[in-house]
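Observations on the three-dimensional arrangement
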Amino acid sequence: MSVRIIVGAQWGDEGKGKIVDMLSEQADIVARYQGGANAGHTIVFDGTKYVLHLIPSGILHPGTHCVIGNGVVIDPVALMDEIAMLERMGISIDGRLHISHKAHLIMPYHKMMDAARERQAGSIGTTGRGIGPAYNDKALRSGIRIVDLLDRDVLGEKIRTNLAEKNQILHALYDVEPLDVDAMIEEYVAFDSRIDPYITDTTALLNNALKDGKRVLAEGAQGALLDLDHGTYPFVTSSNPTSGGACTGLGIPPTSISSVMGVVKAYSTRVGNGPFPTELNDATGELLRSEGHEFGATTGRSRRCGWLDVPALKYSIMINGISEIALTKLDVLGVFDEIKICTGYTLDGVPVKNFPADVKTLDRISCEYVTLQGWNCSLDGISTFSGLPAAAQTYVETIERLLETPITWVSTSPAREDTFRR
Ligand code: GDP
Ligand code: IMO
Ligand code: MG
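Below: a short report on this structure. (Residues numbered from 1 in each chain as written. Chains lettered and ligands numbered in written order. Predicted model: local features only at pLDDT ≥ 70, side-chain atom pairs only at ≥ 80, totals over all residues. Heavy atoms only, no water.)

It is worth spelling out the overall build of the chain at this point. Along the chain, the regular secondary structure elements total 12 helices and 20 strands. Here the C-alpha radius of gyration of the chain, 22 Å, is about what a compact globule of 422 residues would show, namely 22 Å. Each of the three principal axes of the chain carries a C-alpha extent, and together these read 65 × 50 × 40 Å. Buried positions account for 58% of the 422 residues belonging to the chain. Taking all contacts inside the chain whose residues are at least 6 apart in sequence as the whole, residues at least 24 apart take part in 76%. In the chain, which carries 39 positive and 52 negative side-chain charges, the distance between the mean positions of the two groups comes to 3 Å. (Helix = DSSP H or I, 4+ residues; strand = E, 2+ residues; numbered from the N terminus. Rg over C-alpha atoms; globule rule 2.2 N^0.38 Å. Buried < 20%, exposed > 50% of the residue type's maximum accessible area, 1.4 Å probe, protein only. Contact = heavy atoms within 4.5 Å. Lys, Arg positive; Asp, Glu negative; His and termini not counted. Charge placed at Lys NZ, Arg CZ, Asp CG, Glu CD.)

Listed below in structure tokens is the structure:
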């Protein structure tokens, strides 16, 4: 049994798409286990940029099968756009894309409720993709699943029941005009006719593949610190991006997991609201943003930037069971004379041992830093660890020592080929 899980170790956008694409070469199946079109996973290959939101990042390898697992919430509009984008770019998905019949659907009212809630005070800064309201309905047991598309009567009834309630809520709380039930049923019936060939029992597919000795990569979306249970609640997403989510989100047993790789950006970023201990609201933060092109792959929003946060990463390594790290965007730090790493938190002068659970504490903590020398040059064309400038090697080795976890891959550009193994 061999499932390798790839998780984002920070607040998302660590470069998971690039790393999953690279590792897909040695995988038979790549499976997404949670989240939805809130994700934006970028792959740059042969000079072309692909941004994937729902389809796993293994899809660019013609021999690799891709699964959208039961833990994912699927927006038909986003999925159809993505399939069309891949077709336009000459990537065939036929026979390779498998969508779980147990996955939940994002409905138009989920996106409207997400947007309406975001207009209220104290907003999360969501991606507006309807993620929270869809997982809310899943937990409430009123969600509509892919399997419901296969029976027109069931689909019609479920949409009618849901809309009867949602229209009242939308009108009473958010002053939104009622949605037309027949138009919505028609829209989802049309969606079914497009995705019908891809719908299957992915739980059986994955478990049979594992029995046959196939290699499976489980691709996390978002990041550990956005985890619904373990992240900086309530400024989190509504699913479990941490490694434990792969078992429930795919229907595979914990005993099938062979390893967990954490993708770590060489500094920190966060999109949306919520605590961010190492955030730099100054020219240094601006420089990280401009050098790292830190603008969201899904919403285009500016990403907040800061130095690497070791206490947060140690927590992430612990809860995910991360056994190796792929370090991305090392090249971005080439513009700094000095680079800082946060090595510890204090609260009112007292060291903080465990990662705080509440936002108030996280907002109040102070960070302790070590300062390392920068290397002040481009990393273009460097394809070995020993070829890196000495200061860049020291930076990587320092992180490894502080995190007590091996950094097995280093990435130095968006392109697939600019990644080397240590
Ligand atoms: P994901 O959500 O974790 O897949 O990450 P995103 O795709 O949202 O954001 C990562 C961004 O960094 C993308 O634009 C990637 O093309 C880019 N990227 C990935 N690795 C590197 C790297 O090593 N160096 C640079 N400069 N860019 C990278
Ligand atoms: P990838 O997979 C970074 C953030 C949003 C917001 C919070 C909740 O590309 O790393 P949601 O729409 O999920 O209800 O928003 O989570 N967020 C992400 N931030 N990368 C992502 O995905 C994200 N997906 C959601 O900005 O703060
Ligand atoms: Mg992203």
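What follows concerns the site of ligand 2. Every one of the 21 residues lining ligand 2 counts as a neighbour, but Lys16, His41, Thr127, Gln222 and Thr237 are closest to it. Between ligand 2 and the protein, one listed contact pairs an oxygen atom with a side-chain N or O atom of Lys16 at 2.7 Å. Contact distances for ligand 2 include 2.8 Å between an oxygen atom and a backbone N or O atom of Gln222. A total of 550 Å² of accessible area belongs to ligand 2 in isolation, and the protein chains cover 98% of it. The cavity that encloses ligand 2 is the largest pocket. (Near = heavy atom within 4 Å. Polar contact = N/O pair within 3.5 Å; in protein donor to acceptor, adjacent residues only side chain to side chain. Areas by Shrake-Rupley, 256 points an atom, 1.4 Å probe, with all protein chains shown as cover. 1 Å grid on protein atoms, 1.4 Å probe; cavity = no way out; pocket = protein on both sides within 12 Å on 5 of 7 lines; lining within 4 Å. Sits in = over half its atoms within 2 Å of the grid points.)

Mapping Ser290 onto the fold places it in helix α9 (residues 283-291). Assessed through its relative accessible area of 40%, Ser290 is described here as partly exposed. Remark: the alpha-carbon pair of Ser290 and Ile106, spanning 184 residues in sequence, is separated by 34 Å. In terms of polar contacts, Ser290 uses its side chain to reach the backbone carbonyl oxygen of Leu287, at 3.2 Å.

For the rest of this paragraph, the subject is helix α7 (residues 202-211). Turning to α7, its buried residues number three or more, namely Thr202, Thr203, Leu206, Ala209 and Leu210. All buried residues of α7 lie within an arc of 140° about the axis, which places them on one face of the element. Taking the backbone nitrogen of Thr203 as reference, a side-chain oxygen 3.1 Å away marks Asp201 as the first, capping residue of α7. Among the residues trailing α7, Gly213 stands out with phi positive, at a value near 80°. (Arc of directions from axis to C-beta.)

Our next topic: the state of the cysteines. Taken as a whole and assessed by the stated rule, the structure comprises zero disulfides. Take Cys367: it sits in no disulfide, and the sulfur closest to it among the cysteines is that of Cys342, at 3.8 Å. (Disulfide = S-S within 2.5 Å.)

This brings us to empty space enclosed by the protein. Scanning all chains against the criterion turns up one cavity of 30 Å³ or more. If you add up the space inside the largest cavity, you get close to 30 Å³. Every residue lining the largest cavity is listed: Ala9, Gln10, Trp11, Leu225, Ser268, Asp309, Ala312 and Leu313. Structurally, the lining of the largest cavity is a two-domain feature, drawing no fewer than three residues from each of domain 1 (2-100 + 200-261) and domain 3 (264-421). (Points joined across faces, edges and corners; volume = space filled by probe spheres on them. Domains from an automatic or database assignment.)

Turning next to the environment of Met89. One can find Met89 in the loop between α2 (76-88) and β7 (97-100). Residue Met89 is classed as partly exposed on the basis of its relative accessible area of 35%. Sequence separation between Met89 and Ile29 is 60 residues; the distance between their C-alpha atoms is 21 Å. Sequence-distant contacts of Met89, that is, excluding residues within four places in its chain, are made with Thr48, Lys49 and Tyr50.

A sheet is described by the order of its strands in space; here 10 strands give the open sequence β9-β7-β5-β2-β10-β1-β11-β15-β19-β20, paired in mixed fashion. In this open sheet, the two strands that pair with only one neighbour each are β9 (199-200) and β20 (419-421). For strand β11 (residues 257-265) and strand β15 (residues 324-328), the ladder comprises five bridges, and the chain directions are parallel. The partner of Val264 across the bridge, within β15, is Leu327. Helix α1 (residues 16-24) contacts β1 (3-8), β2 (29-32), β10 (216-219), β11, β15, β19 (407-411) and β20 of the sheet and is inclined by roughly 160° relative to β1. (Pairing = 2+ DSSP bridges. Axes fitted to C-alpha atoms, helices over the stretch in contact; angles between N-to-C directions.)

A few words now on the coordination of the magnesium ion (ligand 3). Around a metal, the idealised angle for a tetrahedral arrangement of four donor atoms is 109.5 degrees; for an octahedral arrangement of six donor atoms it is 90 or 180 degrees. Protein coordination at the magnesium ion (ligand 3): the donors are Asp13 (OD) and Gly40 (O), at 2.0 to 2.2 Å from the metal. Pair noted here: Asp13 is in the loop between β1 and α1 and Gly40 is in the loop between β2 and β3 (41-45), with a separation of 27 residues, a long-range link. (Donors = N, O, S within 2.8 Å, 3.2 Å for Na, K, Ca; no water.)

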